[in-house]
Amino acid sequence: EEGKESPVMMPVVRNDVSDQGLSAEIAAQRFLRLIATVQSKSNVSVKLVQEIMGVTLDSDPIYPSYRQPLGNGWFLALRYSIEMPGETWGVELEFHSDADASPQPFPFCTPSYREYHNALLRMGYRDRRGRNGTFPGKNQYDKEGLYVELDPELGQSTDGKAYPACVRKVGLFVTNDVSGHP
C-alpha cells in the first residue's frame with residue numbers, strides 16, 4: 001500500500017517530507033534501512049543519515065539533530081553525535097513525550113520490537129540481550145565495530161507479564177573497542 005515502506009527492503013528513499021514531517025512509522029522504517037545500509041564505521045555520516053532519513057539535521061557542531069512533533073504530545077528526535085577520539089559515536093532515533101503535556105499512551109508500534117529484532121539478526125547482528133540477560137532492559141546487538149541498541153516500550157500480555165512491544169528508541173553506534181561494547 002502507498003506510503004508503507006518495508007523495514008527490510010531497500011527501496012529508493014524519497015526525500016520529500018510532508019508539511020507535517022515524517023510519520024513515526026516511516027521514520028522507524030527508514031532508520032532500519034539506515035542500519036542495513038551501514039556496513040562499516042566508515043559509512044556512518046551526517047550526509048548518509050540525512051539522505052536515508054529524508055530530513056536535514058541542524059548545524060550543531062557536536063550533536064546535529066532533527067526534532068518534530070508527531071501529535072498528542074509526542075515527538076520524534078533524530079540525533080547524531082560526531083566522532084570524537086575515544087568516544088562512542090553514532091545516531092539515534094527516539095520517540096518521546098513532552099514533559100509538560102499529558103500525552104496519550106505510546107502510539108507508535110510499527111515496525112514492532114520483534115520486527116526490529118528479527119531484521120537485525122537477518123543483517124548479521126549478534127543479540128547481546130540486555131545488560132541483565134533478560135527483558136525488559138535495553139537490547140544490544142553488535143557486528144564488526146558497530147552496535148545497535150533498542151529501548152523498548154513495554155506491553156502487557158494477558159497474563160500480566162511485561163514484554164517489549166514497541167521500539168521507543170533505537171541507536172546505531174560506532175565503537176573503537178574491538179569487543180563491540182559501548
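In what follows, the structure referred to is the one given above.
What you see is a predicted model; the values in this text were computed from it and never measured. Counting restarts for each chain: residues are numbered from 1 in the order of the written sequence. For this predicted model, a pLDDT threshold of at least 70 governs which residues receive local features, and a threshold of 80 or more governs which side-chain atom pairs are given and counted, while totals over whole chains, interfaces and linings are taken from all residues. Values shown for side chains rest on all heavy atoms present in the structure; no hydrogens or waters enter the calculation.

(A) Highlighting the packing of aromatic side chains. Here the aromatic set is Phe, Tyr and Trp, taking the six-membered ring for Trp, and pairing holds for ring centres within 6.5 Å; pairs whose planes are under 30 degrees apart are stacked, those over 60 apart are edge-to-face, and all others are tilted. All told, the structure shown has one aromatic pair when counted by the stated rule. The ring of F75 carries R67 above its face, with NZ or CZ at 3.8 Å from the centroid. Counting as a charge over the ring demands two things of the Lys NZ or Arg CZ atom: a distance within 6 Å of the ring centre and an angle within 35 degrees of the ring normal.

(B) Here's a closer look at helix α2 (residues 46-53). By the burial criterion, the buried members of α2 are L48, V49, I52 and M53. Down the axis of α2, the buried set is contained in an arc of 115°. They therefore lie on one face. Packing partners of the buried residues in α2 comprise α1 (24-37), β2 (74-81) and β3 (89-97). Of the residues trailing α2, G54 is marked for its positive phi of about 75°. Only protein chains enter the area calculation, which uses a 1.4 Å probe; residues under 20% of their type maximum are buried, those over 50% are exposed, and those in between are partly exposed. Runs of H or I in DSSP of at least four residues are treated as helices and runs of E of at least two as strands, each being numbered from the N terminus. Directions from the helix axis toward the C-beta atoms define the arc. We call two residues contacting when some pair of their heavy atoms lies within 4.5 Å.

(C) Region of interest: the packing of α1 against α2. Whenever a helix is involved, its axis is fitted only over the stretch in contact; in every case the axis is a line through C-alpha atoms, and angles between N-to-C directions fall within 0 to 180 degrees. Running from amino to carboxyl end, α1 crosses α2 at an angle of 135°, the nearest separation of the two axes being 9 Å. Relative to α2, the element α1 is oriented oblique. Where α1 crosses over α2, the two elements pack in a sense that is right-handed. When α1 is examined against α2, the residues A27, R30, F31, R33, L34 and T37 are found in contact with a partner set consisting of L48, V49, I52 and M53. Here the residues of the contact of α1 with α2 sort into seven nonpolar, one polar and two charged. Between 65 and 115 degrees an angle is taken as roughly perpendicular, under 35 as roughly parallel, over 145 as roughly antiparallel, and anywhere else as oblique. Rotating anticlockwise by less than a right angle from the far helix to the near helix defines a left-handed crossing, while the corresponding clockwise rotation defines a right-handed one. Under the scheme applied, nonpolar residues are Ala, Val, Leu, Ile, Met, Phe, Trp, Tyr, Cys and Pro; charged residues are Asp, Glu, Lys and Arg; polar residues are all the others, including Gly.

(D) Layout of the nonpolar core. Residues belong to one nonpolar core when they are buried, are Ala, Val, Leu, Ile, Met, Phe, Trp, Tyr or Cys, and are joined through side-chain atoms within 4.5 Å. Among the nonpolar cores identified, the biggest contains 44 residues, and F31, I35 and L78 are the most heavily contacted of them. At the level of secondary structure, the elements contributing two or more residues to this core comprise α1, α2, β2, β3, α3 (113-122), β6 (146-156) and β7 (162-174). Top contributing element to this core by residue count: α1, with eight residues. Residues contacting L78, with those up to four places away along its chain left out, are F31, V49, M53, V55, L57, P64, S65, Y66, V91, E92 and L93.

(E) Quick look at the sheet that holds β3. Here a strand pair is declared whenever DSSP counts at least two bridges between the two strands. The strand order β1-β2-β3-β7-β6-β5-β4 describes an open sheet built from seven strands, whose pairing is antiparallel. Strands at the two margins of the open sheet, each flanked by one partner only, are β1 (65-71) and β4 (126-127). Bridging between β2 and β3 involves eight bridges; their strand directions are antiparallel. Each residue of the ladder has a partner; that of R79, found in β3, is E92. α1 rests against β1, β2, β3, β6 and β7 of the sheet, and its axis sits at about 165° to β3.

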